[in-house]
Structures are given as C-alpha cells and as structure tokens.
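# Understanding the architecture of this molecule
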Amino acid sequence: MHPVILAIESSCDETSASVVIRGKVLNNVIASQTVHQKYGGVVPELASRAHQQQILSVVNEAMTSAGIAPGELNAIAFTRGPGLLGSLLVGVSFAKGMAVALDIPLIEVNHMEAHVLAHFIADPKPSFPFLCLTVSGGHTQIVLVESYLNMKVIGETRDDAVGEAFDKAAKMMGFLYPGGPLIDGFAKLGNPKAFQFPPTSIPDYDFSFSGIKTAFLYFLRDRKLVDPDFVEKNKYDICASLQYHLVEMLMQKLSKASTETGINQIAIAGGVAANSELRKSLQQYGARQNWKIFIPDFEYCTDNAAMIAIAAHYKFLENKFSSLDVAPLANLAIGN
Ligand code: KG4
Ligand code: ZN
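Residues numbered from 1 in each chain as written. Chains lettered and ligands numbered in written order. Predicted model: local features only at pLDDT ≥ 70, side-chain atom pairs only at ≥ 80, totals over all residues. Heavy atoms only, no water.

### Brief notes about the overall build of the protein chain
Counted only if it meets this: Only DSSP runs of H or I reaching four residues or more are called helices, and only runs of E reaching two or more are called strands; each is numbered from the N terminus. Note that the radius of gyration is over C-alpha atoms, with the globule rule given as 2.2 Å times the number of residues to the power 0.38. The rule is simple: take the accessible area with a 1.4 Å probe, protein chains only, and divide by the maximum for that residue type; under 20% is buried, over 50% is exposed, in between is partly exposed. Note on definitions: a residue-residue contact is assigned when non-hydrogen atoms from the two residues lie within 4.5 Å.
Regarding its fold elements, the protein chain presents ten helices and eleven strands. Relative to the globule expectation of 20 Å for 336 residues, the C-alpha radius of gyration of the protein chain, 20 Å, shows essentially globular dimensions. Here the C-alpha coordinates of the protein chain stretch approximately 65 × 45 × 30 Å along the principal axes. With 336 residues in all, the protein chain has 53% of them scored as buried. A fraction of 73% describes how many contacts in the protein chain between residues 6 or more apart in sequence connect residues 24 or more apart.

### Things to note about the coordination of the zinc ion (ligand 2)
Just so we agree on the cut-off: Because no water is among the atoms considered, metal sites can look incomplete, with donors defined as N, O and S atoms within 2.8 Å of the metal, or 3.2 Å for Na, K and Ca. Metal sites are grouped by the angles between bound donors: all angles between 85 and 135 degrees with four donors is tetrahedral, opposite donors over 155 degrees apart with the others between 65 and 115 is square planar for four donors and octahedral for six, and any other pattern is irregular.
Within the first shell, the zinc ion (ligand 2) binds the protein through His111 (NE2), His115 (NE2) and Asp303 (OD), at distances of 2.1 to 2.2 Å. Relative to the metal, the four donor atoms surrounding the zinc ion (ligand 2) lie at angles of 86 to 141 degrees, and the coordination shape comes out irregular.

### Concerning the site of ligand 1
Keep this limit in mind: The nearness test applies per residue and asks whether one of its heavy atoms lies within 4 Å of the molecule or strand. Two N or O atoms count as a polar contact when they lie within 3.5 Å, although within protein this holds only if one can serve as hydrogen donor and the other as acceptor, and sequence-adjacent residues are included solely when both atoms are side-chain atoms. For accessible areas, the Shrake-Rupley method is used with a probe of radius 1.4 Å. Any residue's cover is judged against the shown protein chains and nothing else. Basically, the charged four are Asp, Glu, Lys and Arg, the nonpolar ten are Ala, Val, Leu, Ile, Met, Phe, Trp, Tyr, Cys and Pro, and anything else, Gly included, counts as polar.
Inspection of the region around ligand 1 gives 17 residues, with Gly137, Asp167, Asp184, Gly271 and Asn275 positioned closest. Note that a nitrogen atom of ligand 1 is positioned 2.9 Å from one of the side-chain N or O atoms of aspartate 184. Note that an oxygen atom of ligand 1 is positioned 3.1 Å from one of the side-chain N or O atoms of aspartate 303. Taking 550 Å² as the accessible area of ligand 1 by itself, protein coverage stands at 88%. Contributing elements (two or more residues each) for the shell around ligand 1: helix 4 (162-172) and helix 5 (180-187). When grouped by side-chain class, the residues that make up the shell around ligand 1 number five nonpolar, nine polar and three charged.

### Focus on the pattern of salt bridges
Two side chains that carry opposite charge are able to pair once their charged atoms sit near each other. Stated precisely, the cut-off is as follows: Every case where a carboxyl oxygen of Asp or Glu lies within 4 Å of a side-chain nitrogen of Lys or Arg is listed as a salt bridge.
Counted by the stated rule, this structure contains 13 salt bridges. The closest approach of N and O atoms between lysine 235 and glutamate 232, which form a salt bridge, is 3.7 Å. One end of the pair is lysine 235 and the other is glutamate 232, both in helix 7 (residues 230-261) and three residues apart, which spans about a single turn.

What follows is the structure, given as structure tokens:
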C-alpha cells in the first residue's frame, strides 16, 4: 500500500491542507487570517468563521496542485487538538464529510506531536531518541521523542507560552500583533545586556513566563514615569535585552534536559523557532555540549498541514484510524 493522504489543519488561525504520498509531502497550502491583527490577538469566533470560509478553496488547491483525484485518496487526516474548539470543529467536520463521502478512513492527529514530526518532512532528519523544544504562541514544551508515535512531554510551561510572552511584551510597547517577529527585528540593532530582568526559578524542566511578563510591565511603567519617550528612544536595547532573557530561560532548561537524559540530538519546532537569538544560542550551546541540531524550514515551524500529513502517514502505517464519532479536544495532551 502506498498511502495517499489529505491532511487538514485548523487548530488556531491558519487554514491549511496538504497531500502526502508514501511519506513524501507534495504541498502545504496555507491561508493565514489577518482579521485578528487589529484586536492584538486571535479572536476565536472570527477564527472559526474564517476557517469556514477558506477551507474548501484551501483543500481544492492542495488536491489540484498535487494532481490527485478524490478517488485516489486512502485516508483523510485532521487535527483533533489541542487548539480553539470552534476552529478545530471546522476541520474535523470537513474531514468527516470527505471520509464518509469517499468511504475511506479518518486519521486524527495531535497538533503538538505533529509539530515534533515536522522534522521528518525533509532532510536532515533526526534519529531516535531526540529532544524537541516546541515553542509557539500556545505552547512551550520539551518533548522526549522515542519513535514516530511514542513521545512524552518532560517539561512544559506552568502558565503562559513563550510566544505569548513575546507578543504581550510587544503589545505593551505598542507593537501590532503578533509582535514576536517585530521584537526579533528590533533586537538585531540593540544591546542584549542593556537591561536586566529578574530570573525565575521553576523546578525540573518546566517553565514559567508570567513573572517576566509582570516584571516587564512594571519596568516600562517605572521608566516611562521618568521619561515618557523611554520606549521609543530605547526600543532596540529593550527588545534585545528582553529577547536575550526569554531565550536564556529556554536554553537553560533545554541544556539541563540534554545533560540529564544524555540525549544530544536537539530539535526545535513551533513559530518561535524562527527567532534569530534562539537559533544563535542553540548553535552556541550546541558547540559547547556537542549537540546535533535540527531546525525545520520556517514553513514547517508555524502551523501547517504538512506536519499533520507526515504524522498521519506514520499513523496509517500502524493502522491507527479514528472512528466517525471522534470529537475535537481543545486540551488534547501528547500521548493521549
Ligand atoms: O506556531 P505558531 O505559528 O502558532 C501557534 O501559536 O501555534 O507560533 C506563533 C508564535 C507567535 O507568538 C509569534 O509571535 C511567534 O510565534 N514568533 C516569533 C517569531 N516568529 C514568530 N517570536 C519571536 N521571534 C520570531 N522571529
Ligand atoms: Zn502550533
């Protein structure tokens, strides 16, 4: 059997579809939603409406550009969770409709497992076991990956995700959503040691970003009392210092996990994997700790259906299909 699978991703604010044939991803059609920008964050109701409007054309484009007729598909895959319930429902319902109409099986995919498996879309691919730091607007996790379908979270955030910390800090400085890439851009021109922020001490491999968020709020408030133009005058240094601090928080835990597990194949995934300081720091730690580093193409770091497609391919090979009464789960955890 050479499985031909159509995969659909709709967990947050990207509507995406991808076709995978025998483990080779043919395309990755993504329609992003710009409607949220003026609200400073994703508005769940607007996200589900936009998915509803875009999903048919996104799926059609993926099928047409792959040159695949519906009758050639062997399965339909979809993101079951975690994510926004209303957004997930659009993808799940669409996938069920196609599976029933074509009389082919359904494959549910865990969005966080798919972020990890994005490393198997293109070369170079890690071998097992490896550690994956998944950093996005919704998640911050260190995952120990033993095989395609066997992975466990060994550390995660106890409150906000690191992407959320980037975006909220950016909002406090008056930048548009999502502010993470803007902070990255300004930081390139600044001094990362210009301002210091208080360290957090969270046990094990877990993270916490709520403290730095509050500390940053008070830092800006106090400085602006002295000089109302403080942010405008020091934008580059503020961004560089904050970014350096956030990345150090990630790297110290990743380094500890590598040392204590003895695993030196280190991967990163998720939207924040695009951050230039994180990439630089990963190389520096890697050189010291003899790591082999894996960073997927940016297209496969942010939310996309290609990662759902590759995850579905491995599930298909193990006959892991879903029943037609499967429902989305907003908090679906890895391993469930
Ligand atoms: O994985 P993703 O596309 O969506 C989910 O949250 O699932 O990640 C989006 C997050 C946002 O918080 C965005 O600000 C952040 O990734 N991000 C960055 C950069 N590019 C995207 N954060 C810091 N530096 C970047 N270059
Ligand atoms: Zn994601």
